[in-house]
Amino acid sequence: MDLDYGRCWDTSRKDSWKTLLLLAYQSLGVVYGDLSISPLYVYKSTFAEDIEHSETNEEIFGVLSFVFWTLTLVPLFKYVFVVLRADDNGEGGTFALYSLICRHAKVSLLPNRQVSDEALSTYKLEHPPEKKSSSKVKMYLEKHKFLHTALLILVLLGTCMVIGDGLLTPAISVFSAVSGLEFSMSKEHHQYAVVPITCFIIVCLFALQHYGTHRVGFLFAPIVVIWLLCISALGLYNIIHWNPRVYQALSPYYMFKFLKKTRKGGWMSLGGILLCITGSEAMFADLGHFSYAAIQIAFTFLVYPALILAYMGQAAYLSQHHPTSYQIGFYISVPDSVRWPVLIIAILASVVGSQAIISGTFSIINQSQSLSCFPRVKVIHTSDKIHGQIYIPEINWLLMIFCLAVTIGFRDTKHLGNASGLAVMTVMLVTTCLTSLVIILCWHKPPIVALCFLFFFGSIELLYFSASLTKFTEGAWLPILLALFLMTIMFVWHYATIKKYEFDLHNKVSLEWLLALGPSLGIARVPGIGLVFTELTSGIPANFSRFVTNLPAFHRILVFVCVKSVPVPYIPQEERYLVGRVGPAAHRSYRCIVRYGYRDVHQDINSFESELVDKLADFIRYDWYRTSRRNSCTDDDAPRSNASSNECRLAVIGTIAFSGAPAFELEDSVQPASVSGGFPSMESVTDVIEMEAVRLEKRVRFAIDDESETDSQNEVDLQVREELRDLLAAREAGTAFILGHSHVCAKQGSSFLKRLALNFGFNFLGRNCRGPDVALKVPPGSLLEVGMVYVV
């Protein structure tokens, strides 16, 4: 399964049937592993204690009716036909919905949005301008700051519940699959064997994560296909053999009869029925790896019919047999002759389903980290070919420890099902709320359409959610406690990050101060390249002034680097770098903004350093060419603020391969593999996007003709050669990475909660999580840390 840059299809042309069916087949192993194993534990959890299976079969038929309509309304109607269309450049999930909303309305709490970000090809707004009816909702959202915070908390809640699901799904799926051993051993041996075997499989599952799923991923789809065919065949056998008229239970009338007879017990049992849709969110979360049509085909024509047949078959068997609630389960309806093969396939399918949710947990934590909502952790990319396959060691081992603790602590399907059900339903409620906003803000539909969507699906999910909450003392407390703990960490980190940015913004120094530094003040320029990392997109950061104050020297080539996240899933490589000058060309100071999407792969420091130097060389060529045509910094180009006056425009430096000789050649000069800005060849023409500090934007189109080597260009050519030589000499002298080592403390008079969050919470996380140097993979020998105290 070779996923090229997060997708395996070309959106510019219609998929062929062969490609589409291949994608649908591949999606079975990645998307539907969790959903397909739900028949293992749904009836077991539903009949745990709240209701009893009677001779009239009203209970089992009522449960079957609920399962059928829940599978039809939520995964089929809600996700396949509505939510999957709310993609962000082909990406799905909670953060995809949030980024869509942030692009269409100014509701993001991160204050580093730039006009140039809106020129990104992946930032495009696909729909026509909004109507007046939707603009009122947008204006109301943008006007009230507390709604911005509420929206972020809602997104964080959904994120935390996905992480909780990543902890609970391996436990309940593997435990339910292994519980089939009870038919092959005595009850005394069974209760001592199931938990150790489950724990052993879980340990093996997490221990193999660092190898990456691409090594065994080719087995996932066949296992799920075999499992779906297996439960379909079993379902058909049980329907034909035991009760061919079980199809009558699909009528909604049986739901009414069920609730009328069981009353409160039936309502509480809904917490077990909702487990039939666990894994539905994966259809949306994993959308970026497949096409909408592929996921739609796989679910509609294989997964959905197989699940319906499996549940009908179990109901048909139980309608002719009336075991006690303890005995109700998946394996009781499996004939003895095939029980062992089914057990093995079920265990393999549960491992595949668990693998999918674990990988999803890694992905969503990486997205949270990209948007400054999670402490820094080490992210390892396990595949060079399959984009987005990552492994996070700290999270992996923490998940394993908690998963083992939950398995050993609960020891039964009932408590595990209650906990998992609440987590799943919370994620679905969050998706419903965010999709309602997308319908108004992004699709520009009338608010009544969004309200109908919210009311219809929200009422169904609230019914199940309320049933799950009644099981608070019976396992449902776990995802709530876990979500509160994770949300506290994520919100504190995000809040402190914003406060640090605001401190840097208000304490940056003027460009005149930088230009005044020189031998007259005892400041020396030393050989080499100094990369000053900062969160600011303009101005001179305070940590650099502190660095120069304590060490009166800085490098001959000075680059202020800002690595920022943009609310889009991916940024094309040719649009990643924004480069500009800081001061006149003779000062040899530059600004480079490196933009990443929330699903982008961050490069290691070696390739980043060399690519950055290449982009500087490209910019130098482009800037001097632009200077030869017109003044690169006029009075109109200068910003109106004193903080960053006389900064020039930032140009997007792309990646276009040379098809001919470069416009400028130097002996032993930096030879980039590619160049942009109109210099790829004599014939080619490209666009360069420029962004002024006064928030004006222009597009410049140009090309070099055969007469570029004229006498009027000789002086410019010499200056370009000189600047490129300085860049080459500085690169050979070495690169230093200047990072701030921050300590945050609340201002005097701050509230107790603020002091607790900043003085203790954020600083504790900062000390015990990965530092910025580790996250950026900076070589220790090239690191210069500048101590900074942030009083916010």
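*Asks:* Looking at this model, I keep getting lost on the overall build of the chain. Mind explaining?
*Replies:* Scanning the chain from N- to C-terminus turns up 24 helices and 13 strands. The buried share of the chain, taken over its 792 residues, is 58%. Carbon and sulfur atoms make up 62% of the accessible area of the chain, which totals about 32,500 Å².

*Asks:* What's the story with the pairing of strand S4 (residues 553–565) in this structure? I'm lost.
*Replies:* A regular strand places its side chains so that they alternate between the two faces of the sheet. Of all 13 residues that make up S4, 11 are buried, and the element is covered over most of its length. Strand direction decides the pairing type here: strand S3 (residues 524–533) and S4, joined by 8 bridges, are parallel. Bridge pairing in S4 links glycine 530 to leucine 558.

*Asks:* Help me understand a nonpolar patch on the surface, please; the structure alone is not making it clear to me.
*Replies:* A grouping of Ile448, Val449, Leu451 and Leu454 is seen on the molecular surface, where their side chains present a nonpolar patch of about 340 Å² in accessible area. On the secondary structure map, leucine 454 appears in helix H17 (residues 447–469).

*Asks:* Please explain helix H7 (residues 145–178) as it appears in this structure.
*Replies:* Residues three or four positions apart in an α-helix share a direction because the helix packs 3.6 residues into each turn. The end-to-end C-alpha distance of H7, which contains 34 residues, comes to 50 Å, matching closely the 50 Å that a straight helix rising 1.5 Å per residue would cover. Along H7, the sharpest kink reaches roughly 30°, centred on leucine 168 and followed within four residues by the proline proline 170. With 27 of its 34 residues buried, H7 lies for the most part within the structure.

*Asks:* How should the packing of aromatic side chains be read in this particular structure?
*Replies:* Two aromatic rings, taken as a pair, are described by how far apart their centres are and by the angle between their planes. Overall, the coordinates contain 23 aromatic pairs when judged by the stated rule. Centroid distance tryptophan 493 to phenylalanine 762: 4.8 Å. Interplanar angle 40°. Geometry classified as tilted. Of this pair, tryptophan 493 sits in helix H18 (residues 477–506) while phenylalanine 762 sits in helix H23 (residues 752–768), and the two are 269 residues apart along the sequence. Of the residues examined, tryptophan 493 reaches a relative accessible area of 5% and is grouped as buried. The exposure class of phenylalanine 762 is buried, given its relative accessible area of 6%. Taken together, the aromatic side chains of Trp513, Phe544, Phe547, Phe554 and Phe560 make up a single cluster linked through ring pairs. Over the ring of tyrosine 790 we find lysine 500; its NZ or CZ atom is 5.3 Å from the centre of that ring.

*Asks:* Explain the environment of leucine 20 to me, please; I cannot follow it from the model alone.
*Replies:* Inspection of the secondary structure puts leucine 20 in helix H1 (residues 17–31). When its relative accessible area of 9% is taken as the criterion, leucine 20 is described as buried. For the pair leucine 20 and isoleucine 297, spaced 277 residues apart in the sequence, the C-alpha separation amounts to 8.7 Å.

*Asks:* How do you make sense of the confidence of the model for the chain when you look at a structure like this?
*Replies:* Fine structural detail should not be taken from predicted coordinates in areas where pLDDT scores are low. In the predicted model, the chain carries a mean pLDDT of 80, and 83% of its residues have values of at least 70. Across the chain, the secondary-structure element scoring lowest on mean pLDDT is strand S9 (residues 674–675), at 33, and the one scoring highest is helix H9 (residues 220–242), at 94. Low pLDDT, under 50, characterises residues 631–646; the stretch is placed with 36 contacts to residues that sit more than four places away or in other chains.

*Asks:* Any chance you could explain H17 here in plain terms?
*Replies:* In H17, a bend of some 30° at glycine 458 exceeds every other bend along the element. Inspection of H17 places Ala450, Phe453, Phe457, Gly458, Ile460, Glu461, Tyr464, Phe465, Ala467 and Ser468 among the buried residues, and these make up the whole buried set.

*Asks:* Looking at this structure, how should I read the packing of helix H16 (residues 413–441) against H17?
*Replies:* In a pair of packed helices, the angle between the axes and the distance between the axes together describe the arrangement. One way to put it is that H16 packs onto H17 with a least axis distance of 9 Å and a crossing angle of 170°. When the axis of H16 is compared with that of H17, the two are roughly antiparallel. Tallied by class, the residues present in the contact of H16 with H17 amount to 17 nonpolar, 7 polar and 1 charged.

*Asks:* Help me understand the environment of alanine 651, please; the structure alone is not making it clear to me.
*Replies:* Among the structural elements, alanine 651 can be located in strand S7 (residues 650–653). The class for alanine 651 is buried, based on a relative accessible area of 1%. Sequence separation between alanine 651 and leucine 578 is 73 residues; the distance between their C-alpha atoms is 5.4 Å.

*Asks:* Where do I start with the pattern of salt bridges in this structure?
*Replies:* Applying the stated rule across the entire model yields 13 salt bridges. With a shortest N-O distance of 3.2 Å, glutamate 474 and lysine 414 are connected by a salt bridge. Here glutamate 474, found in the loop between H17 and H18, pairs with lysine 414, found in helix H16; they are 60 residues apart in sequence, far enough to count as distant. Residue class for glutamate 474 comes out partly exposed when judged on its relative accessible area of 21%. Close ionic contact of arginine 581 with aspartate 623 constitutes a salt bridge, the shortest N to O distance being 2.6 Å.

*Asks:* Help me understand the side chain of serine 319, please; the structure alone is not making it clear to me.
*Replies:* Inspection of the secondary structure assignment puts serine 319 in helix H13 (residues 292–320). Setting aside its immediate chain neighbours within four residues, serine 319 contacts His53, Asn57, Phe61 and Asn243.

*Asks:* Explain unusual backbone geometry to me, please; I cannot follow it from the model alone.
*Replies:* In most cases, non-glycine residues show a negative phi, while peptide bonds are predominantly trans. For serine 372, which is not glycine, the phi dihedral falls at a positive 60°. By the secondary structure assignment, serine 372 is in the loop between helix H14 (339–370) and strand S1 (380–381). Of note, arginine 411 is a non-glycine position whose phi angle comes to about 60°, a positive value. Examined against the element boundaries, arginine 411 turns out to sit in the loop between helix H15 (393–410) and H16.

*Asks:* Explanation requested: the packing of H1 against H13 in the structure shown.
*Replies:* Two numbers describe how H1 lies on H13: the axes approach to 8 Å, and their chain directions differ by 65°. With respect to their mutual orientation, H1 and H13 come out roughly perpendicular. Along this stretch, H1 crosses H13, giving a crossing that reads as right-handed. In this structure, H1 uses Trp17, Leu20, Leu23, Ala24, Ser27 and Leu28 to contact H13, whose residues at the interface are Ala293, Ala294, Ile297, Ala298, Leu302 and Val303. For the contact of H1 with H13, the class distribution of residues is 11 nonpolar, 1 polar and no charged.

*Asks:* Please explain the side chain of glutamate 281 as it appears in this structure.
*Replies:* Position of glutamate 281 relative to the elements: it lies in helix H12 (residues 281–285). Here glutamate 281 is buried and forms no salt bridge, its nearest opposite-charge partner lysine 78 lying at an N-O distance of 5.7 Å. A distance of 2.3 Å separates a polar atom in the side chain of glutamate 281 from a polar atom in the side chain of tyrosine 79.

Criteria and cut-off values
- The residue numbers shown here count from 1 along each chain, following its written sequence.
- With the structure being a predicted model, the display of local features is reserved for residues of pLDDT at least 70 and the display and counting of side-chain atom pairs for 80 or more, all residues being used for whole-chain, interface and lining totals.
- With hydrogens and water stripped out, all remaining heavy atoms of the structure feed into the side-chain values.
- Helix and strand assignments come from DSSP, with helices taken as H or I runs of at least 4 residues and strands as E runs of at least 2, each series counted from the N terminus.
- Partly exposed describes any residue whose relative accessible area lies between the buried limit of under 20% and the exposed limit of over 50%, with all areas from a 1.4 Å probe on protein chains only and scaled to the type maximum.
- For the accessible areas, the method is Shrake-Rupley and the probe is 1.4 Å, while residue cover comes only from the protein chains on display.
- Strands pair, by our definition, only if DSSP identifies at least two bridges between them.
- The patches reported here contain residues having more than 30% relative accessible area and no salt bridge. Joining distances are 9 Å for like charges and 5 Å for nonpolar side chains (Val, Leu, Ile, Met, Phe, Trp, Tyr).
- For this analysis, a salt bridge means a side-chain nitrogen from Lys or Arg found within 4 Å of a carboxyl oxygen belonging to Asp or Glu.
- Under the convention used throughout, the expected extent of a helix is 1.5 Å for every residue step, that is, one less than its residue count.
- What we call the bend at a residue is the angle made by axes fitted to the seven residues finishing there and the seven residues starting there.
- A pair of aromatic rings is counted whenever rings of Phe, Tyr or Trp (Trp by its six-membered ring) have centres within 6.5 Å, and the orientation is called stacked for planes under 30 degrees apart, edge-to-face for over 60 and tilted otherwise.
- For a lysine, the NZ atom is tested; for an arginine, the CZ atom; a charge sits over a ring if that atom is within 6 Å of the ring centre and within 35 degrees of the ring normal.
- Values of pLDDT, ranging from 0 to 100, describe the predictor's confidence in every residue of the model.
- What makes two residues a contact is simply this: any of their non-hydrogen atoms within 4.5 Å.
- Fitting a line to C-alpha atoms yields each axis, with helices limited to the stretch in contact; the angle taken between N-to-C directions then spans 0 to 180 degrees.
- Each angle is binned into one of four classes, with values under 35 degrees roughly parallel, values over 145 roughly antiparallel, values of 65 to 115 roughly perpendicular, and all other values oblique.
- For this classification, the nonpolar set comprises Ala, Val, Leu, Ile, Met, Phe, Trp, Tyr, Cys and Pro, the charged set comprises Asp, Glu, Lys and Arg, and every other residue, Gly included, is treated as polar.
- Each crossing gets its hand from how the near helix is turned against the far one by less than a right angle, where anticlockwise is left-handed and clockwise is right-handed.
- His residues and chain termini do not enter the charge count, which takes Lys and Arg as positive and Asp and Glu as negative.
- By the criterion applied in these results, polar contacts are pairs of N or O atoms within 3.5 Å in which, for protein atoms, one can donate a hydrogen and the other can accept it, and in which residues neighboring in sequence qualify only through two side-chain atoms.

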